[in-house]
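Working through the structure, step by step
Take a look at the letters that make up each chain.
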Amino acid sequence: MGRDLAARLLARDRAAVAPALNLVDDHRPEARREATAVLAALEEKVLFGGARRIGLTGAPGAGKSTLLDALVRRLRSHDQTLGVVAVDPSSQRTGGALLGDRMRVRSGAADPGVFIRSMAARERLGGLAEAARASVTILAAAFDVVLVETVGVGQSEGEVADLVDTLVYVAQPGAGDLVQFMKAGILELPDVVVVNKADLGLLAERTANELKAGFGLGERNGAWEPPVVLVSARDGTGLDELETALQGHLESLTAEGLQTRRRRGRDASVRKSLERRYGSHGLTVWGGQAKLAARLADERDPSGFALTETLGREIEAALRTTETSP
Amino acid sequence: MNDATRPERDRPWVFRTYSGHSSAEASNALYRSNLAKGQTGLSVAFDLPTQTGYDSDHPLARGEVGKVGVPVGHIDDMEVLFREIPLDQMNTSMTINATAAWLLALYVATAERQGVAADQLRGTTQNDLIKEYLSRGTYVFPPEPSMRLISDMVAHSVNAIPKWNPVNICSYHLQEAGATPVQEIAYAMANAIAVLDAVKARDDVPDDVLPEVFARISFFLNAGIRFVEEICKGRAMTELWDELGRDRYGVTDPKLRRFRYGVQVNSLGLTEAQPENNVIRIVLEALGVTFSKKARCRALQLPAWNEALGLPRPWDQQWSLRIQQILAYETDLLEYPDLLDGSHVVEAKVEELKKAAQEELDRVLAMGGAVAAVENAYMKQRLVESHTARLRAIESGELPIVGVNSYTETEPSPLVGDDDASILKVDDAAEREQIERLNAFRAKRNDADVKAALQGLHDALSNGENVMPPSVRAAHAGVTGGEWADTLRKLFGEYRAPTGVVAREAQVADEANQQVRARVVACGEKLGRPLKILVGKPGLDGHSNGAEQIAVKARDVGMEVVYDGIRLTPGEIVQSAQDEGVHVIGLSILSGSHLVLVLDVLEGMNKVGLEIPMVIGGIIPEEDAKTLREAGVKRVYTPKDFDLTRIMGEVVDVVLASAGVG
Ligand code: B12
Ligand SMILES: Nc1nc2c(ncn2[C@@H]2O[C@H](COP(=O)(O)OP(=O)(O)OP(=O)(O)O)[C@@H](O)[C@H]2O)c(=O)[nH]1
Ligand SMILES: [Mg+2]
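Residues numbered from 1 in each chain as written. Chains lettered and ligands numbered in written order. Predicted model: local features only at pLDDT ≥ 70, side-chain atom pairs only at ≥ 80, totals over all residues. Heavy atoms only, no water.

**Overview of the domain arrangement of chain B**
All names here are of chain B. As a reminder of what qualifies: Where a domain begins and ends is set by an automatic assignment or by a domain database. Note on terms: buried area is the combined drop in 1.4 Å-probe accessible area of two parts once they are placed together, counting the loss on both. What counts as a salt bridge is simple: a side-chain nitrogen of Lys or Arg found within 4 Å of a carboxyl oxygen of Asp or Glu. Under this definition, polar contacts are N or O atom pairs within 3.5 Å; protein pairs additionally need one hydrogen-donor-capable and one acceptor-capable atom, and for neighbouring residues in sequence, both atoms have to be side-chain atoms. By definition, any uninterrupted DSSP run of H or I lasting at least four residues is a helix, any uninterrupted run of E lasting at least two residues is a strand, and each is numbered from the N terminus. Only Asp, Glu, Lys and Arg are considered charged, only Ala, Val, Leu, Ile, Met, Phe, Trp, Tyr, Cys and Pro nonpolar, and every remaining residue, Gly among them, polar.
Under the domain assignment, chain B is made up of domain 1 (11–331 + 340–396) and domain 2 (511–659). Here domain 1 and domain 2 share an interface that buries about 2,200 Å² over both sides, 52% of which is from carbon and sulfur atoms. Where domain 1 packs against domain 2, one counts three salt bridges. Among the ionic pairs, Arg62 bridges to Asp600, the shortest N-O distance being 3.2 Å. Applying the counting rule to domain 1 against domain 2 returns 15 residue pairs in polar contact (both at pLDDT 80 or more). Among the elements of the structure, α2 (48–52), α5 (130–136) and α15 (378–396) are those that each provide at least two residues to the side of domain 1 that touches domain 2. Broken down by element, the residue count for the side of domain 1 that touches domain 2 peaks at eight residues, all from α15. Residues belonging to the side of domain 1 that touches domain 2 are distributed by class as follows: 15 nonpolar, eight polar and nine charged.

Here it is, written out as structure tokens:
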């Protein structure tokens with residue numbers, strides 16, 4: 001079924017998307033194997049191709065969902081199909097989680113051109129980043145654009161940045177986001193900064209000016225400076241500018257830059273997965289970061305999911321050897 | 001005693017019955033018979049399409065036309081509704097909010113056709129959108145344009161319809177959504193302040209008119225079964241309002257600072273089990289809001305004994321009207337001055353409520369006032385929390401409800417037959433007939449006039465002019481409610497309010513809960529991923545309490561819950577269930593359109609080959625429950641199923657059975 005599911009997704013069969021997402025979330029061993037097969041097959045095709053991926057991150061209540069909704073409607077009006085992953089924080093104690101409450105604006109009748117999956121950021125078997133990455137990979141095969149919403153100020157942006165081509169940071173007027181970014185030392189992460197709720201007036205403008213100054217200080221390679229766009233997700237102000245900014249960032253990346261970025265994301269996820277599963281001890285026993293870097297650079301293995309499995313087996317073997325020797 | 005020997009009595013409050021159904025014609029007949037029985041004012045219940053601005057033939061109106069109220073789509077409907085009811089002598093209360101300006105326009109136009117000038121009209125448009133976002137659910141536009149429409153109506157009525165209450169600040173619905181007395185007081189005051197500040201900020205309302213405006217603001221309160229506290233609540237609000245008028249708005253004339261309010265007594269506490277007990281509850285609550293002369297309601301409407309079963313029939317409503325008449329005419333209640341003045345106990349309680357309410361009010365004002373506290377979900381979250389606490393107390397038995405969680409032994413009630421005959425059933429033909437009338441109306445009107453009137457409305461609104469005059473013109477020209485509302489939707493956009501259900505899980509330590517939680521986890525192990533449930537509210541129904549509390553409970557027993565709030569289409573629900581990969585769908589429907597909506601969802605699932613078990617809850621008569629079970633619904637819950645922990649356990653059973661992993 002694994003290959004078959006991958007083929008259906010690549011043929012953009014919408015009905016295959018939900019089962020595929022369910023599969024990669026399934027922790028039973030036989031499902032894990034199948035999921036890896038699907039993901040490996042997909043990533044071969046979509047690592048450097050597939051949908052364009054945009055992340056929306058920002059503090060709780062900044063208006064990410066409302067903005068997402070506005071973007072969805074815009075992109076739909078250009079006839080683009082969309083896959084959306086929204087990650088919600090989940091309760092620690094029970095794993096119970098309240099998802100949703102993101103349909104902030106009536107989108108009208110059900111639209112098969114939009115697919116929304118929400119995920120709880122629970123203690124997942126594979127960690128959140130890995131689960132989100134699997135979902136993005138699936139959606140990237142079946143839709144034109146993938147949007148990822150996550151909550152965060154200065155903590156999880158790095159993980160989202162690894163998942164997407166363009167990271168949009170959504171700030172709200174007067175919220176002091178900049179300080180958080182400086183503290184976390186990640187001024188260079190956002191590709192586009194949105195100050196939402198522009199309809200609130202002066203305060204929004206002031207915040208935009210602050211952020212302009214602040215994010216200008218980020219260390220970046222390349223010429224791209226993150227534009228700060230004043231937007232009102234509610235009344236639609238600034239959405240044209242936002243679209244231009246998104247397009248601008250995509251163009252500034254160029255095809256080569258995009259490849260580099262996606263590869264970097266893939267590498268980071270392989271590294272993190274292995275570290276999480278085997279610890280730095282496991283990696284060292286096997287050959288260490290240098291060996292890992294070499295293997296990541298090897299062009300024959302485009303799929304990060306497959307590579308993680310292969311390297312995982314090697315590390316396990318290495319660990320067994322050390323354990324049996326006196 | 002004959003009248004000559006009776007001591008002098010106060011004039012009674014206005015007796016009302018909240019009613020309307022099927023068609024303008026049928027509702028007109030009902031109103032006239034109610035008036036003949038001694039009712040002294042009218043209270044119009046509109047159907048949900050009318051309340052949310054859709055014509056009867058709109059897809060979203062399917063199954064809802066004439067169900068829970070009267071459909072009024074255009075001037076002809078309004079004329080029929082008030083046929084042979086002279087509007088210069090009537091006091092009419094209209095429960096209408098997002099489309100209040102439109103219904104008032106139709107009312108004014110109808111009066112004009114009856115030869116009654118607008119300045120003769122007496123009555124109330126509810127027109128309180130803040131509580132719609134918080135509880136009632138028939139909002140359409142975002143908060144900002146909603147506040148503008150409200151203040152337009154206030155500014156207009158102060159001059160043109162001076163005896164009209166253009167807005168009725170409601171705390172009634174907050175209690176129905178779980179509010180404590182303190183929350184009811186605080187949020188009602190915050191709401192009134194938002195309205196008054198909006199009016200005050202207008203250029204067309206001079207400062208010296210503000211005291212008149214203040215005096216035109218009336219309230220709509222709830223009265224629960226803890227009737228002593230409720231009496232104190234009424235007194236506390238009376239005092240707070242007086243102080244607010246004096247201190248914040250500089251109203252010097254005490255007469256203009258009188259707290260005027262109508263009441264509908266509590267319905268949330270009326271039970272499906274042993275429904276005859278509800279009459280006793282209603283009597284006590286009615287006594288509460290009339291007992292203290294200082295804080296006596298101006299108008300009263302009572303629910304009926306069969307509230308939790310379905311819509312009341314004329315006889316059920318008559319029984320409730322008789323409660324009011326006995327209270328006002330047989331008892332000696334109206335012969336005395338205030339009965340509580342001088343009571344230290346009451347005074348202390350009033351002080352306590354005022355103090356706590358003032359603190360909560362200050363909190364809301366500090367975050368920017370009621371509108372801000374709607375948008376950031378603060379108030380809604382507090383209400384959902386209070387309701388959760390209430391349901392937990394009922395479940396644990398800490399809060400006794402006679403016939404529900406205590407004293408459940410009962411003889412069969414002669415009031416309830418086996419055949420569901422003890423409620424009003426709206427004929428399914430009502431919708432079809434209403435659409436036929438609508439089409440006939442559209443055919444006979446002058447299209448050029450309609451177009452010009454809509455253009456006029458659009459232009460006036462975009463120029464910042466008052467909504468009322470162009471709406472009255474549109475009413476005369478033959479515009480329909482759907483056309484009026486669409487014009488505003490295009491200008492203002494639409495809104496979805498926060499659900500108030502938060503991701504944060506509450507601490508529930510009781511054992512039953514722990515057990516279900518363990519079963520949920522085990523179920524997730526078997527399924528391969530955590531049990532995921534979609535809680536859905538299809539249709540125009542705004543009753544969100546049940547869905548919210550089911551969502552909260554599901555979260556607290558460890559499920560992943562997708563809940564996107566009210567007013568989704570069956571198509572949206574099917575797509576969401578599929579995309580989200582849920583293991584079970586739970587629908588909640590209380591507005592009576594469950595047959596159409598549930599079957600639509602099932603059909604939609606069938607079409608895409610989605611095989612997920614479904615459970616439902618709400619006001620579902622047994623006969624319909626049977627039909628729905630036959631159609632494939634796994635479980636049907638009604639208000640008598642107060643044990644949420646047990647419900648969750650059964651949801652796990654349903655999922656396990658359907659997945660074949662039980
Ligand atoms: C509270 C209430 C309101 C509140 C709602 C507040 C809110 N945000 O929910 C307010 C005051 C706003 C309101 C307004 C109206 N109401 Co009302 N309301 C009620 C009332 C009194 C209680 C409902 C309630 O919340 N109960 C508490 C919750 C927790 O219980 P519940 O929803 O029944 O849920 C339980 C079970 O049913 C089950 N369950 C429910 N859903 C689900 C879902 C799943 C998945 C599962 C597993 C279980 C489950 O589990 C719950 C636990 O016990 C009922 C009468 C009654 N006593 O039942 C009338 C009632 C539902 N309302 C009614 C009407 C007509 C209206 C209006 C439409 C009137 C009008 N014409 O304007 C308005 C408009 C509302 C709208 N926008 O749709 C009618 C409906 C008639 C019908 N079905 O034929 C009723 C029955 C009253 C009556 N007899 O006339 N209402
Ligand atoms: N005034 C104004 N309010 C907005 C705007 N965008 C969103 N909001 C409001 O801000 C609140 C939060 O919006 P959401 O879209 O849910 O924010 P979010 O960032 O997705 O929130 P979380 O997912 O909970 O972190 C809601 O009340 C929105 O109505 C805007 O452009 N202007
Ligand atoms: Mg969000």
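**Quick word on the nonpolar core**
Worth spelling out the cut-off: Each nonpolar core is a collection of buried residues, namely Ala, Val, Leu, Ile, Met, Phe, Trp, Tyr and Cys, held together in the definition by side-chain atoms within 4.5 Å. Summary of the burial criterion: residues with accessible area below 20% of their type's maximum are buried, those above 50% are exposed, and those between are partly exposed, where the area comes from a 1.4 Å probe applied to protein chains only.
Membership of the largest hydrophobic core comes to 174 residues, with the highest contact counts inside it found for Phe219(B), Trp241(B), Met379(B) and Met559(B). With 12 residues, the top contributor of residues to this core is helix α8 (residues 181–200) of chain B. Three or more residues apiece are contributed to this core by two domains, here domain 1 (11–331 + 340–396) and domain 2 (511–659) of chain B. By size, the runner-up hydrophobic cluster in this structure holds 53 residues, among which are Leu9(A), Ala20(A), Ala140(A) and Phe181(A).

**A word on the sheet that holds strand β8 (residues 218–223) of chain B**
Sheet strands pair via backbone hydrogen bonds, and the direction of the pair is either parallel or antiparallel. Residues and elements named next belong to chain B. Definition in use: When DSSP finds two or more bridges between a pair of strands, those strands are recorded as paired. In this analysis, axes come from line fits to C-alpha atoms, helices being fitted only over the stretch in contact, and the angle between any two N-to-C directions falls in the range 0 to 180 degrees. Note on contacts: a residue pair is in contact if any heavy atoms of the two residues lie within 4.5 Å.
Taken in spatial order, the five strands line up as β1-β10-β9-β8-β7 in an open sheet, and their pairing is parallel. The sheet is open, and its two borders are formed by β1 (14–16) and β7 (168–170), each paired with just one other strand. Taken over all neighbouring pairs, the strand axes of this sheet differ in orientation by 25° on average, direction set aside. Inspection of the sheet shows β8 paired to strand β9 (residues 261–265) by five bridges, in the parallel sense. In the sheet register, Ala223 faces β9, and the bridge partner there is Val265. On top of the sheet, helix α12 (residues 314–330) reaches β1 and β10 (299–301); it is set at about 165° to β1, its chief contact.

**Observations concerning the site of ligand 1**
Residues and elements named next belong to chain B. Quick note on the threshold: Whether a residue is near a molecule or strand depends on its heavy atoms: it is near if one of them lies within 4 Å of it.
Taken together, 44 residues form the shell around ligand 1, and within it Glu307, Gly310, Gly542, His543 and Leu590 come nearest. Within the side chain of Gln51, a nitrogen or oxygen atom sits 2.9 Å from an oxygen atom of ligand 1. With respect to ligand 1, the backbone of Leu590 contributes an N or O atom lying 2.7 Å from a nitrogen atom. Secondary-structure elements contributing two or more residues to the shell around ligand 1 are α2, α5, α7 (172–176), α21 (545–556), β13 (584–589), β14 (614–618) and α25 (644–659). Counting only domains with at least three residues in the shell around ligand 1, you end up with domain 1 (11–331 + 340–396) and domain 2 (511–659).

**A closer look at unusual backbone geometry**
One non-glycine residue, Lys197(A), adopts positive backbone phi at about 65°. Tracing the backbone shows Lys197(A) in the loop between β7 (192–195) and α8 (202–215). For Lys197(A), a relative accessible area of 26% translates into the label partly exposed. A positive phi angle, near 60°, is found at Arg567(B), a position not held by glycine. By secondary structure assignment, the location of Arg567(B) is in the loop between β12 (560–563) and α22 (570–580). Given a relative accessible area of 10%, Arg567(B) falls into the buried group.

**Focus: the coordination of the magnesium ion (ligand 3)**
Residue and element names in this part refer to chain A. The condition that has to hold: Only nitrogen, oxygen and sulfur atoms count as donors, using a 2.8 Å cut-off from the metal that widens to 3.2 Å for Na, K and Ca. Water is left out, so coordination shells may look unfilled.
For the magnesium ion (ligand 3), the full set of protein donor atoms is Ser65 (OG) and Glu149 (OE), at a range of 2.0 to 2.3 Å. You can see Ser65 sitting in helix α4 (residues 64–77) and its partner Glu149 sitting in strand β5 (residues 145–151), a full 84 residues away along the chain. The class for Glu149 is buried, based on a relative accessible area of 9%.

**Side note on the confidence of the model for chain B**
So the rule is basically this: What pLDDT conveys is the predictor's confidence in a given residue, as a value from 0 to 100.
Mean pLDDT over chain B works out to 95, with 98% of the residues at or above the 70 mark. This prediction of the complex comes with two scores: 0.96 for pTM and 0.93 for ipTM.

**Comments concerning the coordination of the cobalt atom of ligand 1**
Protein coordination of the cobalt atom of ligand 1 rests on one atom only, His543(B) (NE2), at 2.1 Å. You can see His543(B) is positioned in the loop between β11 (532–536) and α21.

**Some points on the sheet that holds β7(A)**
All names here are of chain A. Spatial strand order, β4-β2-β5-β1-β6-β7-β8: seven strands in an open sheet with parallel pairing. In the strand order of this sheet, the two ends are held by β4 (114–120) and β8 (228–230), each with one partner. For this sheet, the mean inter-axis angle between neighbouring strands, taken without regard to orientation, is 20°. Relative to β8, β7 runs parallel, the two sharing three bridges. Of the residues in β8, the one forming a bridge with Val195 is Leu230.

**Some remarks on the domain arrangement of chain A**
Residues and elements named next belong to chain A. For chain A, the assigned domains are domain 1 (48–253) and domain 2 (263–324). Listed as interface residues are 10 residues of domain 1 and, on the opposing side, 10 residues of domain 2. Of the roughly 800 Å² buried at the junction of domain 1 and domain 2 (both faces included), carbon and sulfur atoms supply 49%. For the pair domain 1 and domain 2, the number of links is three salt bridges. The partner of Arg277 in a salt bridge is Glu130, with the nearest N and O atoms 3.0 Å apart. Scanning the region where domain 1 abuts domain 2 turns up five residue pairs in polar contact (both at pLDDT 80 or more). Among the elements that line the side of domain 1 that touches domain 2, the one with the most residues is helix α5 (residues 127–142), at five residues. Taken together, the residues that form the side of domain 1 that touches domain 2 break down as three nonpolar, three polar and four charged.

**A look at the pattern of salt bridges**
What the rule picks out here adds up to 68 salt bridges over all chains. The salt bridge involving Asp267(A) is made with Arg266(A); its shortest N-O contact spans 3.0 Å. There is no split in this pair, since Asp267(A) and Arg266(A) are both buried. Notably, a salt bridge pairs Asp486(B) with Arg489(B), separated by 2.8 Å at the nearest N-O pair. With a gap of three residues between them, Asp486(B) and Arg489(B) both fall in helix α19 (residues 481–492), about one helical turn apart.

**So, the pairing of strand β1 (residues 52–58) of chain A**
For β1(A), the buried fraction is high: seven of the seven residues fall into the buried class. A two-sided burial pattern is seen for β1(A), the buried positions comprising Arg52(A), Ile54(A), Leu56(A) and Gly58(A) on one face and Arg53(A), Gly55(A) and Thr57(A) on the other.

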